[in-house]
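Close look at the chain arrangement
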Amino acid sequence: MAKYIIKGGSKAQGEVTISGSKNAALPIIAATILNGGKTTLYNVPKIHDTEMMFEILKKIGGKVTKKENKVIIETSKINKYEIPDDLMRQMRSSVIFVGSIVGKYKKAKFSYPGGCDIGTRPIDLHLKAFEKLGINISKNYGNISCSCDRIIGENIDLEFPSVGATENAILASCLAEGKTTITNAAREPEIIDLQSFLNKMGAKIKGAGSNIIEIEGVKHLKDVSYNIMPDRIEAGTFLCMAAMTSGNIKLKKVNPSHITPIIDKLEEAGCKMTIDKNEIDIIAPKKLKAVDIKTMPYPGFPTDMQSIFATILCTAKGTSIIVENIFENRYKYVQELIRMGAKIKIESRTAVIKGVKKLYGANVKATDLRGGASMVLAAIAAKGTTTIENIEYILRGYEKFDKKIRDLGIDIKIEE
Ligand code: EPZ
């Protein structure tokens with residue numbers, strides 16, 4: 001397992017270009033199945049999770065040609081409808097393929113995606129949405145089969161605004177007969193990107209970004225090329241890197257309107273930001289002020305930023321309260337921060353963070369993708385050297401992370 005070695009104590013200063021969004025790219029890659037033709041994608045982040053999606057596409061008969069962040073995908077020769085078990089286990093978000101496979105071929109098979117490091121991650125809302133569309137679901141020995149003769153548009157009301165369930169319902173109903181309405185839909189920007197992509201293919205979808213999405217089924221979807229939106233969580237991560245090191249970073253190729261809750265909280269903590277159309281320049285104070293955070297579905301404060309923001313509050317002036325309302329087990333990183341001198345108490349979904357003067361370098365582990373990113377920020381700000389193990393978690397979601405950090409003046413090395 002590879003590890004980062006980071007020498008702490010320097011300010012993060014300079015410019016960073018934000019990559020394409022992991023959480024927009026994954027459903028869009030799955031959606032390329034729907035046109036049974038050719039799709040050209042630009043600004044695709046070269047990370048482990050997109051590579052896994054390409055592996056699955058190839059396993060079921062798709063063709064993938066990659067050139068840096070440009071990817072050409074051909075799905076005319078897809079001839080399998082089962083997501084390989086080992087790949088599903090490695091990346092539970094592969095479940096996003098099911099909506100497009102069953103939407104296009106009226107059948108799909110996959111193994112029950114396990115939980116992961118942040119929670120059990122059930123898919124009951126996905127399956128209920130499929131059943132509403134007339135798709136028969138059968139389960140045996142951990143395998144789930146979907147099949148139907150026709151997919152008929154329906155009204156789908158989500159008990160919870162699940163991002164994945166909203167995306168899977170859209171993918172399964174694009175080629176349905178008639179109209180589907182999703183109420184209590186998730187409002188994340190990645191769903192707006194999926195709608196824009198599918199409409200460019202010839203789908204008839206409206207309402208993404210609101211909690212009511214309407215999909216008019218069409219018979220055919222055409223070849224398309226598309227540019228993936230910037231990654232709003234990577235942008236938040238670099239803003240927090242500046243915040244934690246009293247630094248000054250200019251973010252390029254970012255969409256500020258996607259990260260308003262993060263910008264508001266950083267301003268409350270004492271950071272100054274200049275915001276342009278697709279750039280943000282942040283200047284951090286010597287010491288941050290404590291702030292309280294409650295994670296909520298979009299447009300609330302994103303759960304993916306919870307661990308990262310908690311980390312910068314470890315050395316803020318005062319005590320901060322964090323409530324994680326989305327996932328039941330998203331505090332695993334806290335134990336690692338405590339090893340570096342943080343003062344944090346966890347009571348079920350609430351974390352109480354008492355600001356300390358400094359964190360100190362230590363040997364720590366990445367516990368999950370965003371928990372791992374949090375450890376990187378802590379290491380950059382800490383006094384002394386930190387070793388972070390299990391960085392494969394981090395490489396799942398951050399493109400060229402160590403190079404971008406080095407270009408901000410930080411001493412970071414990768415050791416295989
Ligand atoms: C997406 O996961 C993101 N992943 C997650 O980002 C993100 O944290 C999450 O949305 C919330 O914003 C991708 O987009 C690939 P959900 P998803 O369905 O779709 C419960 C990262 O770091 N739920 O909105 O799995 C679920 O248990 C990742 O990039 C059900 O109960 O999230 C959770 O408590 C981590 N039944 C809540 O809803 C279901 O059928 C939110 O889950 C589905 C979800």
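Above this text you will find the structure in question.
Presented here is a report on the structure given in the accompanying data block. (Residues numbered from 1 in each chain as written. Predicted model: local features only at pLDDT ≥ 70, side-chain atom pairs only at ≥ 80, totals over all residues. Heavy atoms only, no water.)

Right, let's get into the overall build of the protein chain. Counting its secondary structure elements, the protein chain contains 14 helices and 23 strands. Rg of the C-alpha trace for the protein chain: 21 Å, near the compact-globule value of 22 Å for 416 residues, within the 12% margin. Viewed in the frame of its principal axes, the protein chain has a C-alpha envelope of about 65 × 45 × 40 Å. Within the protein chain, buried positions represent 56% of all 416 residues. Restricting to contacts in the protein chain with at least 6 residues of sequence separation, those with at least 24 account for 72%. Accessible area of the protein chain: about 16,700 Å², with a carbon and sulfur share of 50%. A gap of 3 Å separates the mean positions of the 62 positive and 47 negative side-chain charges of the protein chain. (Helix = DSSP H or I, 4+ residues; strand = E, 2+ residues; numbered from the N terminus. Rg over C-alpha atoms; globule rule 2.2 N^0.38 Å. Buried < 20%, exposed > 50% of the residue type's maximum accessible area, 1.4 Å probe, protein only. Contact = heavy atoms within 4.5 Å. Areas by Shrake-Rupley, 256 points an atom, 1.4 Å probe, with all protein chains shown as cover. Lys, Arg positive; Asp, Glu negative; His and termini not counted. Charge placed at Lys NZ, Arg CZ, Asp CG, Glu CD.)

To continue, consider the site of the ligand. The immediate surroundings of the ligand are formed by 24 residues, with D124, L125, S162, D304 and I326 found nearest. In this structure, G164 approaches the ligand through a main-chain N or O atom, which is 2.8 Å from an oxygen atom. Isolated, the ligand exposes 820 Å² of accessible area, and the fraction of that covered by the protein chains is 86%. At the level of elements, helix 1 (22-31), helix 5 (124-132), helix 6 (163-173) and helix 12 (369-381) are the ones that each hand at least two residues to the shell around the ligand. Taken together, the residues of the shell around the ligand break down into ten nonpolar, six polar and eight charged. (Near = heavy atom within 4 Å. Polar contact = N/O pair within 3.5 Å; in protein donor to acceptor, adjacent residues only side chain to side chain. Nonpolar A, V, L, I, M, F, W, Y, C, P; charged D, E, K, R; others polar.)

The next point concerns the sheet that holds strand 4 (residues 63-67). Sheet architecture is open: four strands sit in the order 4-5-3-13, paired in mixed fashion. Each edge of the open sheet is held by one strand with a lone partner, namely strand 4 and strand 13 (224-227). Strand-to-strand, the axes of this sheet are offset by a mean angle of 15 degrees, without reference to chain direction. Across the sheet, helix 2 (residues 48-59) is in contact with strand 4 and strand 5 (70-74); its angle to strand 4 comes to roughly 150 degrees. The sheet strands contacting helix 7 (residues 189-201) are strand 3 (38-42) and strand 13, and the helix crosses strand 13 at an angle near 155 degrees. (Pairing = 2+ DSSP bridges. Axes fitted to C-alpha atoms, helices over the stretch in contact; angles between N-to-C directions.)

So, about empty space enclosed by the protein. According to the stated counting rule, one finds one cavity of 30 Å³ or more in the structure shown. The computed volume of the largest cavity comes to approximately 30 Å³. Considering each element in turn, the lining of the largest cavity owes the most residues, three residues, to helix 2. Its residues placed into classes, the lining of the largest cavity shows four nonpolar, one polar and four charged. (1 Å grid on protein atoms, 1.4 Å probe; cavity = no way out; pocket = protein on both sides within 12 Å on 5 of 7 lines; lining within 4 Å. Points joined across faces, edges and corners; volume = space filled by probe spheres on them.)

What follows concerns the environment of I249. Mapped onto the fold, I249 is located in strand 14 (residues 248-252). The exposure class of I249 is buried, given its relative accessible area of 0%. Taking C-alpha positions, I249 is 37 Å from N168, a pair spaced 81 residues apart along the chain. Not counting residues up to four positions away in its chain, the partners in contact with I249 are A12, Q13, G14, V16, F238, A242, I280, D281, I282 and L408.

A ring pair, where both rings are aromatic, is described by two values, the distance of the centres and the angle of the planes. For the structure shown, the criterion picks out six aromatic pairs. On the numbers, 5.5 Å between centres and 90 degrees between planes, the contact of F301 with F309 is edge-to-face. When the centroid spacing of 6.4 Å and the interplanar angle of 45 degrees are considered together, the rings of Y331 and Y333 count as tilted. With respect to class, Y331 is no different from Y333; both count as buried. Among the aromatic side chains, those forming a connected cluster through ring pairs are F238, Y398 and F401. (Phe/Tyr/Trp six-rings, centres within 6.5 Å; stacked < 30°, edge-to-face > 60°.)

With that settled, the discussion passes to a positive patch on the surface. A contiguous patch of positive charge on the surface is contributed by K11, K286, K287, K317, K357, K358 and K383. Summarising the element assignment, K357 is placed in the loop between strand 20 (350-354) and strand 21 (363-365). For K357, a relative accessible area of 74% corresponds to the exposed category. (Patch = residues over 30% accessible without salt bridge, like charges linked within 9 Å, V, L, I, M, F, W, Y side chains within 5 Å. Salt bridge = Lys/Arg side-chain N within 4 Å of Asp/Glu carboxyl O.)

Right, let's get into the layout of surface pockets. The volume enclosed by the second largest pocket comes to roughly 420 Å³. Surrounding the second largest pocket, 17 residues form its lining, M244, S246, K286, K357 and K358 being those nearest its centre.

We now examine helix 6. The buried fraction of helix 6 is high, at nine of eleven residues. Within helix 6, burial applies to A165, T166, E167, N168, A169, I170, L171, A172 and S173. Where helix 6 starts, the residue carrying a side-chain oxygen 3.5 Å from the main-chain nitrogen of G164 turns out to be S162.

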